Amino acid sequence: MRQKKTIPHPTFTLQTNQYLIVIVVITLTALLCKLFSNQQGYYIVSFILLFVVSIMAVFLGIGPILLASTISALVWNYFFIPPHYALHIERTEDRLMFGSFFFIALINGVLTNRIRRQEHLALEREERTNAIFELTRELLNTNGISEILNVAFKDVKKYFDATSISFLKGEKESVELFISQESKQNPSRIDYKIAEWVFKNSMKAGRFTDFYDETSLTYYPLTGNQLNPGVIAIEFNEPLSDEKEIFWVGYLTQVSNALERELLSDLALKARLLDESDKLYKTLFTLISHEFRIPIAAIMGASDTLMMPQTTDTDRTQLLNEIFKASVRLDHLVENLLNMSRLESGKISVHTDWYDINDLLNKVTELLTKELEQHNFLSSIPYDMPLVRLDFGLMEQVIYNLILNSCQYTPVGSTIKFGADYKEDFLIIIVEDNGPGFPPEMLNNVFNKFFRVNNLKTGGLGLGLSIVKGLTEAHHGTVRVENQETGGARFIIEIPSGIPDMKNIEME
């Protein structure tokens, strides 16, 4: 905002310096005119004195201008109108001239002063309009309550001569201090009872008002169309004039609108998050119900058949296998839910040690024997692969989910490859298949929770790949996915790992 012009207020003043200026200027003007004028030139002197009075009217108040008009008329009569050095005027035309001079000098001074006052008011209005415009423009570019208030408080001292200003945010029928700019020399104390009364009644109170005027602060309510953001507590050094009060109310209106906009935006965001949370809860509940119902139904059916006396030993063995497979599936579902809960709460703990990657792969393939029977599974691990440092249980979940994902989303008879290598202090694991892969536009969403390609109904909660990413990052590693040129998806995991000192491996 541009700097405010300091034009003195045009009021009837008794300041001694202005009256002294009038006396000195009129005296000097009379002396100069006396030196250069002759007996017949006293009419010219009247014009010079009128001009001087008009010039002074631009800078001085009404009182000094009245004095200047009177003194100039008396000086012109005493020193310049014949007879000189006397207040007596002999000629009738001179008397008329003197009366006209005094009247013109007086009216000219008053009108010039009034024009200056109107100019001053116009400049003040322009300044206030520009201030409101600048405030509105800056508020439109702000985000957050703190930023809005910092912009609003910035010019309060310049325009309103405020010692301190604070914002109290409204909550139901109470208020709480949100941000404050206090004077170090004269810190103010906020009366929360007054602030709550102002917030509840939407009326100003405090100093220079009709309510609670014993306090040092003035409390103004911030009112909006749909909600009231809070209360402004401000300390003025003197009461605001009518013009400044209107300016201040306009200033508060802009701040209120900006705060209301921000608060309504926050409420809309919370409502949207609650709605999305509710939808997510319903989706998760539906998925869990569906996924748990399948193995539970298998267990119940097999158990019911086992209890029949006519069940043969061969059937009994097959039913027990079905129960075991359903139990493993249930355990996997529960394990994924628990891992996701730990990841989101940040309570996942990694306990690393030295392990052979072959042992890890053998454990996973043993658990996925039934799923891998329908696919062509190939593994590629260098014979000189060193031991790597990792959490065996967590990495078992990572590889299990990757291979199971390939089993579930590739046709029967497709090829699934597992590869591991050690390069430049990193364990590299690659799982790839020759299935349909992922749509290119969905590659960035693969590791999101509950993500499924085109809403496929193939089993699972859509948590497996999200858990893969979380457990890999818990090892300070990275995981990425890409489509192969020949078709199918490729998952690449990189985990930092050193090489153990074989002489001290037992100690480690």
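Residues numbered from 1 in each chain as written. Predicted model: local features only at pLDDT ≥ 70, side-chain atom pairs only at ≥ 80, totals over all residues. Heavy atoms only, no water.

## Side note on the overall build of the protein chain
Stated precisely, the cut-off is as follows: The secondary structure listing takes helices from DSSP runs of H or I that are at least 4 residues long and strands from runs of E that are at least 2 residues long, numbered from the N terminus. Working definition: with a 1.4 Å probe on protein chains only, accessible area under 20% of the residue-type maximum means buried, over 50% means exposed, and in between means partly exposed. We call two residues in contact whenever any of their non-hydrogen atoms come within 4.5 Å of each other. The protein chains shown are the only cover counted for residues, whose accessible areas, like all others here, come from Shrake-Rupley with a 1.4 Å probe.
When you go through the protein chain residue by residue, the secondary structure sums to 13 helices and 12 strands. Here the protein chain holds 508 residues, and the buried ones make up 41% of them. Relative to all contacts within the protein chain whose residues are 6 or more apart in sequence, the contacts with residues 24 or more apart total 66%. Of the roughly 28,800 Å² that the protein chain leaves accessible, carbon and sulfur atoms contribute 57%.

## Details of helix H13 (residues 464-474)
The buried fraction of H13 amounts to 9 of the 11 residues, a majority that puts the element mostly inside the structure. Along H13, the positions that sit buried rather than exposed are Gly 464, Leu 465, Ser 466, Ile 467, Val 468, Gly 470, Leu 471, Thr 472 and Ala 474. Once H13 ends, the next one or two residues include His 476, with phi positive near 65°.

## What to know about the packing of aromatic side chains
In this description, an aromatic ring pair is defined by two values, namely the gap between the centres and the angle between the planes. The condition is simple: Paired rings are identified among Phe, Tyr and Trp, the last through its six-membered ring, by centres lying within 6.5 Å, and are further divided according to the angle between planes into stacked (under 30 degrees), edge-to-face (over 60) and tilted (the rest).
Enumeration over the complete set of coordinates arrives at 11 aromatic pairs. Measuring from ring centre to ring centre gives 6.4 Å for Tyr 220 and Phe 236, while their planes differ by 80°; the resulting arrangement is edge-to-face. Placement of the pair is Tyr 220 in strand E4 (residues 218-222) and Phe 236 in strand E5 (residues 230-236), with a sequence separation of 16 residues. With respect to burial, Tyr 220 and Phe 236 carry one shared label: buried. Note on Trp 248 and Tyr 251: the rings are 6.0 Å apart at their centroids and 15° apart in plane angle, and the pair reads as stacked. Remark: Tyr 251 and Trp 248 occur in helix H8 (residues 242-306); sequence separation between them is 3 residues, near one turn of the helix. Tyr 251 matches Trp 248 in its accessibility class, with the two residues each being buried.

## Some thoughts on the confidence of the model for the protein chain
Put simply, the rule reads: A score from 0 to 100, pLDDT tells how confident the predictor is in each residue.
When pLDDT is averaged along the protein chain, the result is 78; 82% of the residues meet or exceed 70. The low-confidence segment residues 1-14, where pLDDT is below 50, has 37 contacts with residues more than four positions distant or belonging to other chains.

## What about unusual backbone geometry?
For residues that are not glycine, phi is negative in most cases, and the peptide bond is trans in most cases. With phi around 55°, Ser 202 is a residue other than glycine that occupies positive phi space. Checked against the element boundaries, Ser 202 lands in the loop between helix H7 (192-201) and strand E3 (205-206). Judged by relative accessible area, Ser 202 falls into the partly exposed class, the value being 35%. Look at His 476: it is not a glycine, yet its phi comes out positive at around 65°. With respect to the helices and strands, the residue His 476 is situated in the loop between H13 and strand E11 (478-483).

## Comments concerning the sheet that holds E11
Definition in use: If DSSP finds at least two bridges between two strands, the strands pair. Axes here refer to lines fitted to C-alpha atoms; in helices the fit is confined to the stretch in contact. Angles between the N-to-C directions go from 0 to 180 degrees.
Strand order in the open sheet formed by 5 strands is E7-E9-E10-E12-E11, and the pairing between neighbours is mixed. The strands lining the two open edges of the sheet, one partner per strand, are strand E7 (376-380) and E11. Neighbouring strand axes in the sheet, compared pairwise and without regard to direction, differ in orientation by 15° on average. Strand direction decides the pairing type here: strand E10 (residues 426-433) and strand E12 (residues 489-496), joined by 7 bridges, are antiparallel. When the bridges of E12 are listed, Leu 427 appears paired with Ile 495. Sheet strands in contact with helix H10 (residues 357-367) are E7, strand E9 (415-423) and E10, and its direction is about 170° off that of E7.

## Overview of the side chain of Lys 169
Its place among the elements puts Lys 169 in strand E1 (residues 162-171). Residues contacting Lys 169, with those up to four places away along its chain left out, are Ile 145, Ser 174, Val 175, Glu 176, Phe 178, Pro 229, Gly 230 and Leu 263.

## Points about a nonpolar patch on the surface
Filter applied, for reference: A patch consists of residues exposed above 30% relative accessible area that lack any salt bridge, with like charges linked at up to 9 Å and nonpolar side chains (Val, Leu, Ile, Met, Phe, Trp, Tyr) linked at up to 5 Å. In the sections that follow, a salt bridge refers to a side-chain nitrogen of Lys or Arg positioned within 4 Å of a carboxyl oxygen of Asp or Glu.
Judged by side-chain polarity, Leu 74, Tyr 78, Phe 79, Tyr 85 and Leu 87 come together as a nonpolar surface patch covering roughly 480 Å² of accessible area. Mapped onto the fold, Leu 87 is located in the loop between helix H3 (62-80) and helix H4 (92-140). On the accessibility criterion, Leu 87 (54% relative accessible area) is exposed.

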